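The chain contents come next:
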Amino acid sequence: MSQVISNTALSRILLLLIVAAGVFFFIGFLVPVLAALIICFASWPIFERLRRRCGENATLAASVALLAIVLGIVIPLMLVISYTLEEARTFIAWLINANEYGAAVPDWVTSMPLVGATLAAQWEIYIAQPHQLGQIVNLVSGQQLGGISRWLLSFGWTAAGILLTLLFMLITLFFLYRDGEKLASQLDTVGERILPARWNRFSRVVPATVSATVVGMTLVAIGEGIVLGIAYWIAGVPSPVAFGVITGFMALIPGGAPLAFSLISLYLIGTGDALAGIGLFIWGTVELFIVDKTIRPTLIGGPVKLPFLPTFFGLIGGVKTMGVVGLFVGPVLMALLVAIWREWLREDI
């Protein structure tokens with residue numbers, strides 16, 4: 001009796017099933033692995049110098065690098081987020097009270113230049129009347145205002161999930177640092193077999209693109225959040241840490257940081273502190289000019305410039321699929337797609 005399916009076909013089917021099973025079990029760890037890969041790509045030149053100082057001991061260098069990341073980035077970031085949420089509690093309590101009893105139009109809203117009358121009219125409709133604010137929140141988010149406040153005030157499983165993701169990311173990052181050269185060599189071997197004519201170019205574009213995106217977007221956004229947060233504190237803005245963090249996240253989007261400090265400047269002018277509002281606007285404008293014209297080009301070194309639309313889609317798609325980590329992973333993936341697309345369109349010389 002002749003064999004219906006050859007041994008070669010059976011081997012390929014079995015291989016596909018094994019790969020599919022691996023992808024199925026691996027998909028839950030996709031977010032921490034991507035985050036670890038991005039950090040590893042961006043910090044690899046620094047790690048190479050650290051490894052030379054450690055006598056080419058990759059395990060020791062990876063341990064020192066991981067300890068530096070935990071002490072220098074993770075712990076301070078957790079402290080800032082904790083303080084920000086503490087400041088946000090007051091605002092959440094005000095939202096609940098405004099939804100229950102309504103809130104009269106503040107004088108500073110009416111006093112805002114150009115937009116004060118329009119904002120005051122909308123405030124009367126949606127905030128001054130009881131339960132109107134809750135209807136807006138319910139329409140936009142599909143949740144009741146009280147449910148959203150409870151979700152924000154009590155982390156529960158969400159916080160535990162974030163901590164586990166962080167732990168998996170750090171573990172993955174350690175092994176990427178330690179075995180990075182072996183993994184790169186294996187990827188080069190596979191890549192040259194799949195794309196023999198273009199792999200050398202792609203393998204140079206990917207690390208440069210990741211480093212440029214991380215440095216150009218993430219670090220600059222963090223810096224703008226810190227600098228403008230200090231400006232908010234000097235200007236007397238309530239909850240300067242919370243607004244500084246919000247400004248840092250908005251700085252990831254082109255035009256987000258100017259919008260943030262411009263709105264807060266209008267708030268200060270509306271509250272009667274025109275000098276602080278004008279000073280904050282001048283501070284933000286000068287800081288943004290310095291960053292965009294000097295610091296950002298120096299840090300990035302002129303690689304890929306990501307257009308607005310891929311940046312926006314990367315941010316929104318990243319947050320929707322990966323949560324907070326997607327704020328950083330999404331734009332990096334979009335930058336890689338844009339870079340690979342541009343390289344593919346180039347004609348071989």
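The structure this text deals with has already been given above.
These notes cover the structure that comes with them.

**Some points on the overall build of the protein**
Here comes step 1: The number of helices and strands found in the protein is 14 helices and zero strands.
Here comes step 2: Ordered by position in the sequence, the α and β elements of the protein form the string α-α-α-α-α-α-α-α-α-α-α-α-α-α.
Here comes step 3: Of the contacts made within the protein by residues no fewer than 6 positions apart, 67% connect residues no fewer than 24 positions apart.
Here comes step 4: A total accessible area of about 21700 Å² is found for the protein, and carbon and sulfur atoms account for 72% of it.

**With respect to the environment of Gly225**
Here comes step 1: Examined against the element boundaries, Gly225 turns out to sit in helix H9 (residues 199–235).
Here comes step 2: A C-alpha to C-alpha distance of 8.9 Å links Gly225 and Val241, two positions 16 residues apart in sequence.
Here comes step 3: Residues within four places of Gly225 in sequence aside, it is in contact with Gly244 and Gly248.

**A closer look at the packing of helix H2 (residues 30–53) against H9**
Here comes step 1: Two numbers describe how H2 lies on H9: the axes approach to 8 Å, and their chain directions differ by 95°. Viewed along their axes, H2 and H9 adopt a mutual orientation that is roughly perpendicular. In contact with Ile38, Phe41 and Ala42 of H2, H9 contributes Val206, Pro207, Val210, Ser211 and Val214.
Here comes step 2: Its residues placed into classes, the contact of H2 with H9 shows seven nonpolar, one polar and no charged.

**Quick look at the nonpolar core**
Here comes step 1: Membership of the largest hydrophobic core comes to 18 residues, with the highest contact counts inside it found for Cys40, Phe47, Ile69, Leu173 and Tyr177.
Here comes step 2: Where this core is concerned, the elements lending two or more residues are H2, helix H3 (58–101) and helix H8 (157–194).
Here comes step 3: Setting aside residues up to four positions removed in sequence, Cys40 forms contacts with Leu173, Leu176 and Tyr177.
Here comes step 4: Grouped together as the second largest cluster of nonpolar side chains are eleven residues, Ala235, Val237, Ala260 and Ile264 included.

**Concerning H9**
Here comes step 1: With 37 residues, H9 should reach 54 Å at 1.5 Å per residue; the first-to-last C-alpha distance of 52 Å fits that figure.
Here comes step 2: Phi for Gly236, located one or two positions after H9, is positive at around 85°.

**Quick look at the pattern of salt bridges**
Here comes step 1: All chains considered together, the criterion is met by three salt bridges.
Here comes step 2: A salt bridge links Glu181 to Arg51; the shortest N-O distance between them is 2.8 Å. With a gap of 130 residues between them, Glu181 in helix H8 and Arg51 in helix H2 connect regions that are remote in the sequence.
Here comes step 3: Residue classification places Glu181 among the partly exposed residues on the basis of a relative accessible area of 48%.
Here comes step 4: According to the relative accessible area criterion, Arg51 is buried, its value standing at 10%.
Here comes step 5: The salt bridge partner of Asp179 is Arg178, with a shortest N-O separation of 3.2 Å.
Here comes step 6: Look at Arg178 and you get partly exposed, because its relative accessible area is 32%.
Here comes step 7: Look at the salt bridges and you will find they share partners, linking Arg51, Glu56 and Glu181 into a network.

**Brief notes about the environment of Met169**
Here comes step 1: Within the secondary structure layout, Met169 lies in helix H8.
Here comes step 2: Residues Met169 and Leu34, 135 residues apart in the sequence, show an inter-C-alpha distance of 8.3 Å.
Here comes step 3: Those residues in contact with Met169, other than ones at most four positions away along the chain, are Pro32, Ala35, Ala36 and Ile39.

**As for the packing of aromatic side chains**
Here comes step 1: For the coordinates displayed, the defined rule picks out four aromatic pairs.
Here comes step 2: Consider the rings of Phe47 and Tyr177, whose centres lie 4.6 Å apart with planes at 15°: the pair is stacked. Separated by 130 residues along the polypeptide, Phe47 in helix H2 and Tyr177 in helix H8 bring together distant segments of the chain. There is no split in this pair, since Phe47 and Tyr177 are both buried.
Here comes step 3: Joined through ring pairs, the aromatic side chains of Trp44, Phe47 and Tyr177 make up one cluster.

**A short note on the packing of helix H10 (residues 240–250) against helix H11 (residues 256–270)**
Between two packed helices, the angle of one axis relative to the other and the distance separating the axes together describe the packing.
Here comes step 1: Running from amino to carboxyl end, H10 crosses H11 at an angle of 150°, the nearest separation of the two axes being 7 Å. Here H11 runs roughly antiparallel to H10, going by the angle between their axes. Handedness of the H10/H11 crossing: right-handed. The segment H10 lies against H11, with Phe243, Thr247 and Met250 engaging Gly256, Ala257, Leu259, Ala260 and Ile264.
Here comes step 2: Residue classes in the contact of H10 with H11 are distributed as six nonpolar, two polar and no charged.

Reading the values: rules and limits
- Residues numbered from 1 in each chain as written.
- Predicted model: local features only at pLDDT ≥ 70, side-chain atom pairs only at ≥ 80, totals over all residues.
- Heavy atoms only, no water.
- Helix = DSSP H or I, 4+ residues; strand = E, 2+ residues; numbered from the N terminus.
- Contact = heavy atoms within 4.5 Å.
- Areas by Shrake-Rupley, 256 points an atom, 1.4 Å probe, with all protein chains shown as cover.
- Axes fitted to C-alpha atoms, helices over the stretch in contact; angles between N-to-C directions.
- Parallel < 35°, antiparallel > 145°, perpendicular 65-115°, else oblique.
- Nonpolar A, V, L, I, M, F, W, Y, C, P; charged D, E, K, R; others polar.
- Core = buried A, V, L, I, M, F, W, Y, C linked by side-chain atoms within 4.5 Å.
- Buried < 20%, exposed > 50% of the residue type's maximum accessible area, 1.4 Å probe, protein only.
- Expected span 1.5 Å × (residues − 1).
- Salt bridge = Lys/Arg side-chain N within 4 Å of Asp/Glu carboxyl O.
- Phe/Tyr/Trp six-rings, centres within 6.5 Å; stacked < 30°, edge-to-face > 60°.
- Left-handed = near helix turned anticlockwise from the far one by under 90°.

Honestly, that's just the spatial picture; any functional story needs more than this.
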